[in-house]
Amino acid sequence: MFRVNLLYVYRSFTQRAAAVLGCALLAALAGCGGSSDDRRTRDRAAAPSIPPAPRTAAPAPVDGLPGMPPLLDPKDVYAADRPGKLSPVVRDFPSRIYVPNTNSNTVSVIDPVTFRVTETIPVGNQPQHVVPSWDLRTLWVNNDLGNSLTPIDPKTGKAGKPVDVHDPYNLYFTPDGKYAVVMASRDRELVFRDAHTMETKKTVPVSCAGVNHADFSPDGRYFIVSCEFSGELLKVDTARMAVVGQQRLPLDGAMPQDVKIAPDGSAFYVADMEADGVWVLDGDTFGKPSLLPTGQGAHGLYVSRDSKVMYISNRGEGTISLFDFRRRGLTGKWRLPGGGSPDMGGVSADGKVLWLSGRYNAEVYAIDTATGAQIAKIPVGSGPHGLAVYPQPGRYSLGHTGVFR
């Protein structure tokens, strides 16, 4: 039975310790699940605490990636993501929340109206993220240790035959819709595959450890990748399918996670669980980033439907920080009643609810974006991770739990 607006009852110390230990063991295998608490004893190098002022505005994209649909607004990459602006492709799909339970090898399906789990779908070993395909027609469950992708038809909610894909920790799509990009964390590879058949087209070995999240420049010609376990960032040329830049973050033990670009393209933001904040990076110059502290275990980044606010989930302290793009600073923080472990998720189609998985608490949070109040807390399987809110506005998907343009 789900619970609405009730204080969370803390688990016992032994249960919480077991959950953290189990997650740490999984993290050693698959990435992005490591607890920042396990690394608190590391010596830290000095790091800047105030981000540089990003460029005042990104120029209109010129000579963009061939085949990429042009942006609706050169000054706002999220202009196609306005409330209720659903593509004809997804307009008739039922609204659902798809939650991959990493330890249970299942996907919980939640009805966002009743806040109840309506179905539990068995999938492969260690599902990490549920990823909308570029053409919006399929949801791909990334079975990391199962070395497969399970397709789900979002119209019927039925799972199809798994597709063999090695080490699919996370999944993205190039803006032209030509390639899927598999973040093969354990293999230390970026694998470019046909976006529909998943046939391998090019494998790009990387020297960093734990490739996991990414986002693309406004013109689609490059993307920034986070490497969790070596504390590094990559810059990848999309058309050449080649790493063209690499740097180590200026903090000993850094653990970069989610990556999001500013609406005007002036900066990339990279959440970092160990730095307890967000790195601010000029992607064009790929210079040294600066750190904006947000909260313990900063993990997921989600943009509001009006492109004004970025929600930052601080997994280690059970909070969500609010970043104002216009002011280029934090404007508030929401705290989950009784704590929790807010991780990955997305914003509802109407922009009124932020959905986040509770990674170490076997639950999902529904949060009112107007007030920050917790609307519901829904029990799911063990180790909920990269949940997808679907459908969402947008013309096409760049992957992860729902990055739309």
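In this text, all values refer to a predicted model and were calculated from it rather than measured experimentally.

Here the focus is the overall build of the protein. Looking only at helices and strands, the protein has one helix and 29 strands in total. Each of the 405 residues in the protein was classed as buried or not, and the buried ones make up 61%. A sequence separation of at least 24 residues applies to 52% of the contacts in the protein between residues at least 6 apart. Accessible surface, the protein: about 14,900 Å² in total, of which carbon and sulfur atoms supply 54%.

To summarise the sheet geometry, strands pair through backbone hydrogen bonds and adopt either a parallel or an antiparallel arrangement. An order of 9-10-11-12 is seen for the four strands of this open sheet, with the pairing classed as antiparallel. With one partner strand each, in any of the chains shown, strand 9 (170-173) and strand 12 (200-205) form the two edges of the open sheet. Between one strand and the next, the sheet's axes are offset by a mean angle of 20 degrees, whatever the strand orientation. Pairing of strand 10 (residues 179-184) with strand 11 (residues 189-194), which is carried by six bridges, proceeds in the antiparallel orientation. Across the sheet, residue Val 181 finds its bridge partner in strand 11, namely Phe 192.

Okay, the pattern of salt bridges next. Taken as a whole and assessed by the stated rule, the structure comprises 10 salt bridges. Where Asp 343 meets Arg 315, a salt bridge forms, and the shortest distance between an N and an O atom there is 2.6 Å. One end of the pair, Asp 343, is in strand 25 (residues 342-347); the other, Arg 315, is in the loop between strand 22 (309-314) and strand 23 (319-324), and 28 residues separate them in sequence. Each of Asp 144, Asp 167 and Arg 186 takes part in salt bridges that share partners, so that together they form one network.

Bringing the sheet that holds strand 13 (residues 211-216) into the picture now. Taken in spatial order, the four strands of this open sheet run 13-14-15-16, and their pairing is antiparallel. Strands at the two margins of the open sheet, each flanked by one partner only, are strand 13 and strand 16 (242-248). The average angle at which neighbouring strand axes cross in this sheet is 25 degrees, direction not considered. Bridging between strand 13 and strand 14 (residues 222-227) involves five bridges; their strand directions are antiparallel. The residue bridging Ala 214 from the neighbouring strand is Val 225, located in strand 14.

Most of strand 27 (residues 363-368) sits out of view: five of its six residues are buried. Taken together, the six bridges between strand 26 (residues 353-358) and strand 27 define a ladder with antiparallel strand orientation. Residue pairing in the sheet places Gly 358 in a bridge with Glu 363 of strand 27. Counting the residues that bridge the hairpin from strand 26 to strand 27 gives four residues, and of these Ala 362 lies at a positive phi of roughly 55 degrees. In this structure, strand 27 lies alongside strand 28 (residues 374-379), joined through five bridges in antiparallel fashion. Residue pairing in the sheet places Tyr 365 in a bridge with Lys 377 of strand 28. Between strand 27 and the antiparallel strand that follows it, strand 28, lie five residues; Gly 372 among them carries a positive phi value of about 85 degrees.

With that settled, the discussion passes to the environment of Leu 171. Residue position: Leu 171 is located in strand 9. Taking the C-alpha atoms as reference points, Leu 171 and Leu 149, separated by 22 residues in sequence, lie 9.8 Å from one another. If sequence neighbours within four positions are ignored, Leu 171 has contacts with Val 131, Trp 140, Asn 142, Leu 149, Ala 180, Val 181, Val 182, Met 198, Gly 399 and His 400.

Confidence along the protein averages 89 in pLDDT terms, with 85% of residues attaining 70 or more. Here residues 1-61 scores under 50 on pLDDT; set against residues more than four positions off or in separate chains, the count is 144 contacts.

By the secondary structure assignment, Asn 361 is in the loop between strand 26 and strand 27. A polar atom in the side chain of Asn 361 sits 2.5 Å from the side chain of Ser 341.

Residue position: Pro 293 is located in strand 20 (residues 290-293). For Pro 293, a relative accessible area of 41% puts it in the partly exposed group. For Pro 293 and Ala 271, which are 22 residues apart along the polypeptide, the C-alpha to C-alpha distance reads 9.7 Å.

About the cut-offs
- Residues numbered from 1 in each chain as written.
- Predicted model: local features only at pLDDT ≥ 70, side-chain atom pairs only at ≥ 80, totals over all residues.
- Heavy atoms only, no water.
- Helix = DSSP H or I, 4+ residues; strand = E, 2+ residues; numbered from the N terminus.
- Buried < 20%, exposed > 50% of the residue type's maximum accessible area, 1.4 Å probe, protein only.
- Contact = heavy atoms within 4.5 Å.
- Areas by Shrake-Rupley, 256 points an atom, 1.4 Å probe, with all protein chains shown as cover.
- Pairing = 2+ DSSP bridges.
- Axes fitted to C-alpha atoms, helices over the stretch in contact; angles between N-to-C directions.
- Salt bridge = Lys/Arg side-chain N within 4 Å of Asp/Glu carboxyl O.
- pLDDT = per-residue confidence, 0-100.
- Polar contact = N/O pair within 3.5 Å; in protein donor to acceptor, adjacent residues only side chain to side chain.

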